[in-house]
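# Architecture at a glance
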Amino acid sequence: MPARQASTRLTWESAAAFRRHFWKPPRAHGEVIEGREVSFLELFYDLVYVVVVSQAAHHLAGDVTWAGAGRFAIVFGLIWLAWINGAVYHDLHGRAEGRTRSYVFLQMGILALLAVFTGAATAGDGPAFAVIYSAFLFLLGWLWFSVRLRDDPSFRSTTTPYIVGVVASAAIIGLSALLPGGTRLTVWALVVLGWLVGLVVLDWRSGATRDTSSNASESMIERFDLFTIIVLGEVVVGVVNGIAEDGRSPIAVATGILGLGIGFAYWWSYFDLIGARRVRSERGALSRWLVGHLPVTMTIAATGAVMVSMVQHASAGHAPAPAPMVLSVSVAVGVLALVVVATSLADWRELAPVYRSASTALVAAAAVALLIGGLAPPPWLHILLLTLVLGAAWLFGILTWFAFTHPDGAPPTEAGHGIRH
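In this report, the structure presented in the accompanying data block is examined. Since the structure is predicted, the reported quantities are computational estimates derived from the model, not experimental observations. One numbering rule holds for all chains: residues counted from 1, following each sequence as written. With pLDDT at 70 or above as the cut-off, local features in this predicted model cover only qualifying residues; side-chain atom pairs require 80 or more to be listed or tallied, and sums for whole chains, interfaces and linings still use all residues. The basis for every side-chain value is the complete set of non-hydrogen atoms in the structure, without hydrogens or water.

### Let's talk about the overall build of the chain
Test applied: A run of H or I in DSSP counts as a helix once it spans at least four residues, and a run of E counts as a strand once it spans at least two, with each numbered from the N terminus. Burial status follows relative accessibility: with a 1.4 Å probe on protein chains alone, a residue under 20% of its type maximum counts as buried, one over 50% as exposed, and anything between as partly exposed. Between two residues, a contact is recorded if the distance between any of their heavy atoms is within 4.5 Å. Using the Shrake-Rupley algorithm and a 1.4 Å probe, accessible areas are obtained, with residue cover drawn only from the displayed protein chains.
Assigned secondary structure in the chain consists of 14 helices and 0 strands. Helices and strands appear in the chain in the N-to-C order α-α-α-α-α-α-α-α-α-α-α-α-α-α. Put simply, the chain has 421 residues, and 52% of those count as buried. Taking contacts inside the chain between residues at least 6 apart in sequence as the whole, the part at least 24 apart equals 82%. Per element, the accessible surface of the chain, about 18000 Å² overall, is 70% carbon and sulfur.

Have a look at this one:
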């Protein structure tokens, strides 16, 4: 009998210990995990956005018009806001235990369902998209509120407006399911715009809202870099789909391979000048870094979507208007957004001659890209010229980098892994 009692007691104690370990409360603001790296759970979570973004891009690929591009921008803006809320929450408050995992998997389930209705979100599936997106935001609102319950009251002046924004956005988008399609889309656009303005206002109200020298910020910077890689994948998808839909003709294959060059050029410019670099700890820098990433990632995804039409019509010698100009505008806006993000970095001041020169080259590349779009040469030539222009801007910037910072010949990308100063 005593042995059985001891065994029962051990079982209850083990179960209690498991519950304490499995369901820990979220980290409060300021509870930074030193040396934290992006986890496998976060990488798994981000993979769901591959599908969501792909569905939005697929819709644009079938409707390459200015109106279609505008609709894509609104839907992508909502997707980006969902991702940034989930990513920032986990970075600041997540753990490695069961509660965090359970809520992340719940988010992933909702997002998978959202992806089903993303392709036609601006058409017949708009109401379903609105309801599911609203449910996702309400879940995030609860998660942020659960942090507020544990926070020091001094944080509430910042966290309360943020939580109100999440819950209000969830309610507005949920109610938009009852509206006509055009009005619903306008409401979504206003929600995206409101969030962008709100992020800037919160940053300026709070000053340097985040210690960008902390390890936690390193993981957040890495998440943004990984999201950029996700949308770069859309360029590859666009090339493959374009070649397949053209019937794999030699000119389509050649044009598609050239199209990969645009994605490669984006990668070189972003990760040599922007990726894995610290944000300045001063008012306005963080919000500029955050908001600037929206047009960067959105235009890369749009470039991949338009690539389908460019490659598909390569055999005809020209792509239907306005596809050539939409492609060039996407590239131009993307590289200009890179300049905006660059101004938020610590290197913008510490390596001012390099970044001023590189930014000038990127601005010039944007202007030339628009000129190419206006001329609308054959798809293969259009894509080749854009690749050469982006490559030239990168080369100018990197040669300037060598001249000012690496007289011994060591390229900046060999400085090592991790966040660079």
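### A look at unusual backbone geometry
Pro322 follows Ala321 through a cis peptide bond whose omega is 0°. Locating Pro322 in the fold gives a position in the loop between helix H10 (285-312) and helix H11 (323-342). Phi is positive for Ala276, close to 60°, though the residue is something other than glycine. Along the chain, Ala276 turns up in the loop between helix H9 (250-273) and H10. When its relative accessible area of 15% is taken as the criterion, Ala276 is described as buried. In this model, Ala376 sits at a positive phi of 50°, which is unusual for a non-glycine residue. With respect to the secondary-structure elements, Ala376 resides in the loop between helix H13 (352-375) and helix H14 (379-405). The class of Ala376 is partly exposed, set by a relative accessible area of 38%.

### Side note on the packing of aromatic side chains
What counts, and what does not: Note on ring pairs: Phe, Tyr and Trp rings are taken, using the six-membered ring of Trp, and paired if centres are within 6.5 Å. Classes follow the plane angle, with under 30 degrees stacked, over 60 edge-to-face and the rest tilted.
Under the definition given, this model contains 18 aromatic pairs. Arranged with centres 6.5 Å apart and planes meeting at 70°, the rings of Tyr49 and Phe227 form a pair that is edge-to-face. Of this pair, Tyr49 sits in helix H2 (residues 40-61) while Phe227 is found in helix H8 (residues 215-246), placing the two residues 178 residues apart along the sequence. With respect to burial, Tyr49 and Phe227 carry one shared label: buried. Aromatic side chains Trp83 and Phe224 sit 5.0 Å apart centroid to centroid with 75° between the ring planes, which places their arrangement in the edge-to-face category. Linking Trp83 in helix H3 (residues 66-93) with Phe224 in helix H8, this pair joins segments that are 141 residues apart in sequence.

### A look at the pattern of salt bridges
We count it as follows: Any Lys or Arg side-chain nitrogen located within 4 Å of an Asp or Glu carboxyl oxygen qualifies as a salt bridge.
Here the structure, examined in full by the defined rule, presents 7 salt bridges. A salt bridge links Arg71 to Asp63; the nearest nitrogen and oxygen atoms lie 2.6 Å apart. Connected through salt bridges with shared partners, the residues Glu42, Asp46 and Arg223 form a single ionic network.

### Section: a nonpolar patch on the surface
Selection rule: Residues form patches when they are more than 30% accessible in relative terms and have no salt bridge. Like charges link within 9 Å. Nonpolar side chains (Val, Leu, Ile, Met, Phe, Trp, Tyr) link within 5 Å.
A cluster of nonpolar side chains, contributed by Phe44, Leu47, Val50, Val51 and Phe105, occupies part of the molecular surface with about 440 Å² of accessible area. With 4 residues, the top contributor of residues to the nonpolar patch is H2. Assignment of secondary structure puts Phe44 in helix H2. Under the relative-accessibility criterion, Phe44 is labelled partly exposed at 44%.

### Looking at the packing of H3 against H10
The line we're drawing: Here an axis means a line fitted to C-alpha atoms, over the contact stretch when the element is a helix, while the angle between two N-to-C directions is reported on a 0 to 180 degree scale. Oblique is the label for any angle not under 35 degrees, not over 145, and not in the 65 to 115 range, which are roughly parallel, roughly antiparallel and roughly perpendicular in turn. Handedness of a helix crossing follows the sense of rotation of the near helix relative to the far helix, less than a right angle counterclockwise being left-handed and clockwise being right-handed.
One can describe the packing of H3 onto H10 by two numbers: an axis separation of 10 Å at closest approach and a directional angle of 130°. In terms of orientation, H3 lies oblique with respect to H10. Seen from above, H3 lies across H10 with right-handed handedness. Two secondary-structure elements touch here, H3 through Phe72, Ala73, Phe76, Gly77, Trp80 and Ile84 and H10 through Leu290, Val291, His293, Leu294, Thr297, Met298, Ala301 and Ala302.

### Section: the side chain of Arg99
Convention followed: The charged-residue count follows a simple rule in which Lys and Arg add positive charge and Asp and Glu add negative charge, with His and chain termini not counted at all.
Note that Arg99 resides in helix H4 (residues 98-118). Glu97 is the oppositely charged side chain nearest to the buried, salt-bridge-free Arg99, at an N-O distance of 6.0 Å. Each residue touching Arg99, except ones within four places of it in the same chain, is listed here: Phe22, Trp23, Lys24, Pro25, Pro26, Tyr89, Trp142, Leu143 and Ser146.

### Notes on the packing of H3 against helix H7 (residues 181-206)
Test applied: Throughout this entry, Asp, Glu, Lys and Arg are counted as charged residues, while Ala, Val, Leu, Ile, Met, Phe, Trp, Tyr, Cys and Pro are counted as nonpolar. The remaining residues, Gly among them, count as polar.
Relative orientation of the contacting elements H3 and H7 amounts to 45°, with a least axis distance of 9 Å. Judged by the inter-axis angle, H3 sits oblique to H7. In this structure, H3 crosses over H7, and the sense of that crossing is left-handed. Side by side, H3 and H7 meet where Arg71, Ile74, Gly77, Leu78, Trp80, Leu81 and Asn85 of the first sit next to Leu185, Trp188, Ala189, Val191, Val192, Trp195 and Leu196 of the second. Residues of the contact of H3 with H7, tallied by class, amount to 11 nonpolar, 2 polar and 1 charged.

### Re the side chain of Ser176
Mapping Ser176 onto the fold places it in the loop between helix H6 (156-175) and H7. On the basis of relative accessibility, which here comes to 0%, the residue Ser176 falls in the buried class. Ser176 has contacts with Ala130, Arg184, Val187 and Trp188, leaving out every residue within four places of it along the chain.

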